[in-house]
Amino acid sequence: MAEATPLFDTYARAPLRFERGEGVWLIAEDGTRYLDFAAGVAVNSLGHAHPHLVSALKDQAEKVWHLSNLYEVPGQEKLAARMTAVTFADKVFFTNSGAEALECAIKTARRYHFAKGQPEKFHIITFEGAFHGRTLATIAAGGQAKYLEGFGPKAPGFYQVPFEDIAALKEAISEETAAILIEPIQGEGGIRVASKEFLQELRALCDEYGLLLIFDEVQCGIGRTGKLFAYEATGITPDIMAVAKGIGGGFPLGACLATQEAAAGMVAGTHGSTYGGNPLAMAVGNAVLDVVLEEGFLEHVRDVALVFRQGLASLQDRFPDVIEEVRGEGLMLGIKAKVPSGDLLKAIRAEKLLAVPAGENVIRLLPPLITTSAEAREGLARIERAAEQLTSIKHKASA
Ligand SMILES: *Cc1c(COP(=O)(O)O)cnc(C)c1O
């Protein structure tokens, strides 16, 4: 695998080559079938080759691929109307990725204060363990040294405090603070769920100090937690929200949602994107919503999530040397490993199950939302075999 490649060497890729997908399955070039509980890192929300998405994309491909935002794009208006109808938001800006959705969120928050005659308010408070993307602004927001190193001075205006630390947060709020930015459930950080109480405190502080509350639901949004958006379980609403990943089901699509008031500074000419809201992306985004908003769909997510929770809890009981803790909400699950998480990931992959690494020695299970209870049990059986393997290795080593 250390062979020379014409690609940038930015990824440590697993030596797997997939040719096609069917629902929750990925099929390698040699025909091996893998149960895909990585789902392109929470992107393939409806699995692979979902017939409704395939036909929506094909139909649009035969009409028009790209228009630019010089003209009205009916698919954008339709998708934005549907997203605002089911959320706190009044306005939507479409992007191609999560990082761009965050860039728009950050710019929207800064412009809000600028438009109110307070341009000095441009600082954004974020939380340790956060991940908001890989652009220069979003690595500053994420604050992780490993992503910032070597890329020149960190973009100004981002301050980080420990996760769930209200005292440190209050300390960090100043005359220059514009907004607080948080993932309701940290993904890359290790499936760390922010408590409802903490998020409610953030809302109260934002109201008290005239700050905007920004939720990054790029990973936890679009049904992943069993609610359409994670904020729905908190009893509060943000002012701005970044969405991506699951909304495109595999087509590059993101969105920045905001209340009318929060978006007030984003007037003509302040922001733009060549591809954002492209007709192909809109066709797929609308098709994803057709399925996710269908009656009973989110209930199905919650039912299957329960199968996972119970199965993982029993594996934790049986393999305490391998599994330390099970975390998460809905189908955004984390297994905190007692062994190096890379070993657990490899053992699981040897059982032909795909998962995703994360911080805090956690591996993430992000199964497609269409996963059935039977498929969940199949995945659990594979994790069980992987845990048995690791346990026997451990016992041999200590014997
Ligand atoms: C993946 C992710 C991003 C970045 O999205 P990209 O599409 O890779 O730019 C931002 N925030 C969170 C929470 C994510 O999981």
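Residues numbered from 1 in each chain as written. Predicted model: local features only at pLDDT ≥ 70, side-chain atom pairs only at ≥ 80, totals over all residues. Heavy atoms only, no water.

Enquirer: Could you clarify how one ought to interpret the site of the ligand in this entry?
Expert: Taken together, the neighbourhood of the ligand is formed by Ser 97, Gly 98, Ala 99, Phe 131, His 132, Gly 133, Glu 183, Asp 216, Val 218, Gln 219 and Lys 245. At a separation of 2.7 Å, a nitrogen atom of the ligand approaches a polar side-chain atom of Asp 216. Within the contact set of the ligand, an oxygen atom lies 2.6 Å away from a side-chain nitrogen or oxygen of Lys 245. Calculation on the ligand without its partners gives an accessible area of 380 Å², and the protein chains cover 81% of this total. Tallied by class, residues from the shell around the ligand come to three nonpolar, five polar and three charged. (Near = heavy atom within 4 Å. Polar contact = N/O pair within 3.5 Å; in protein donor to acceptor, adjacent residues only side chain to side chain. Areas by Shrake-Rupley, 256 points an atom, 1.4 Å probe, with all protein chains shown as cover. Nonpolar A, V, L, I, M, F, W, Y, C, P; charged D, E, K, R; others polar.)

Enquirer: Teacher, can you tell me more about the side chain of Glu 351 here?
Expert: Counting through the fold element by element, Glu 351 comes out in the loop between helix H11 (341-350) and strand S15 (353-354). Not counting residues within four places of it along the chain, the set of residues in contact with Glu 351 comprises Arg 382, Arg 385 and Ala 386. (Helix = DSSP H or I, 4+ residues; strand = E, 2+ residues; numbered from the N terminus. Contact = heavy atoms within 4.5 Å.)

Enquirer: Even after reading the chapter, I still don't get the environment of Lys 58, so can you show me in this structure?
Expert: Mapped onto the elements, Lys 58 comes out in helix H2 (residues 51-61). Along the chain, Lys 58 and Gly 379 lie 321 residues apart, while their C-alpha atoms are 32 Å from each other.

Enquirer: Would you take a moment to explain the domain arrangement of the protein for this structure?
Expert: Where interface size is quoted, it is often the accessible area lost as the parts come together. Partitioning the protein into structural domains gives domain 1 (18-44 + 296-398) and domain 2 (51-292). On a C-alpha basis, the centres of domain 1 and domain 2 stand 28 Å from each other. Taken residue by residue, the interface counts 25 residues in domain 1 and 24 residues in domain 2. Of the roughly 2000 Å² buried at the junction of domain 1 and domain 2 (both faces included), carbon and sulfur atoms supply 62%. A per-residue breakdown of the area domain 1 buries against domain 2 is headed by Val 43, Leu 298 and Met 332, which together make up 30% of the total. If you look at where domain 1 meets domain 2, you find two salt bridges. Between Arg 364 and Glu 188 there is a salt bridge, with its nearest N and O atoms 3.2 Å apart. For the pair domain 1 and domain 2, the interface holds nine residue pairs in polar contact (both at pLDDT 80 or more). Partitioned by chemical class, the residues of the side of domain 1 that touches domain 2 number 15 nonpolar, five polar and five charged. (Domains from an automatic or database assignment. Buried area = accessible area lost by both parts, 1.4 Å probe. Salt bridge = Lys/Arg side-chain N within 4 Å of Asp/Glu carboxyl O.)

Enquirer: Before we go on, may I ask you to explain the pairing of strand S13 (residues 323-329) in this structure?
Expert: Working note: regular strand, side chains alternate between the two faces of the sheet. As paired strands, S13 and strand S14 (residues 332-337) are joined by six bridges and run antiparallel to one another. Note that in S14 the partner of Glu 329 across the bridge is Met 332. Where S13 folds back onto S14 in an antiparallel hairpin, the turn is made up of two residues, including Gly 330, whose phi is positive at roughly 55 degrees. (Pairing = 2+ DSSP bridges.)

Enquirer: Looking at this model, I keep getting lost on the packing of aromatic side chains. Mind explaining?
Expert: Between two aromatic rings, the relevant description is the distance of the centres plus the angle of the planes. Counted by the stated rule, this structure contains six aromatic pairs. Note on Phe 37 and Phe 308: the rings are 5.4 Å apart at their centroids and 70 degrees apart in plane angle, and the pair reads as edge-to-face. You can see Phe 37 sitting in the loop between strand S3 (33-36) and helix H1 (39-42) and its partner Phe 308 sitting in helix H10 (residues 297-318), a full 271 residues away along the chain. Given a relative accessible area of 0%, Phe 37 falls into the buried group. By relative accessible area, which is 0% here, Phe 308 ends up buried. Joined through ring pairs, the aromatic side chains of Phe 88, Phe 229 and Tyr 231 make up one cluster. (Phe/Tyr/Trp six-rings, centres within 6.5 Å; stacked < 30°, edge-to-face > 60°. Buried < 20%, exposed > 50% of the residue type's maximum accessible area, 1.4 Å probe, protein only.)

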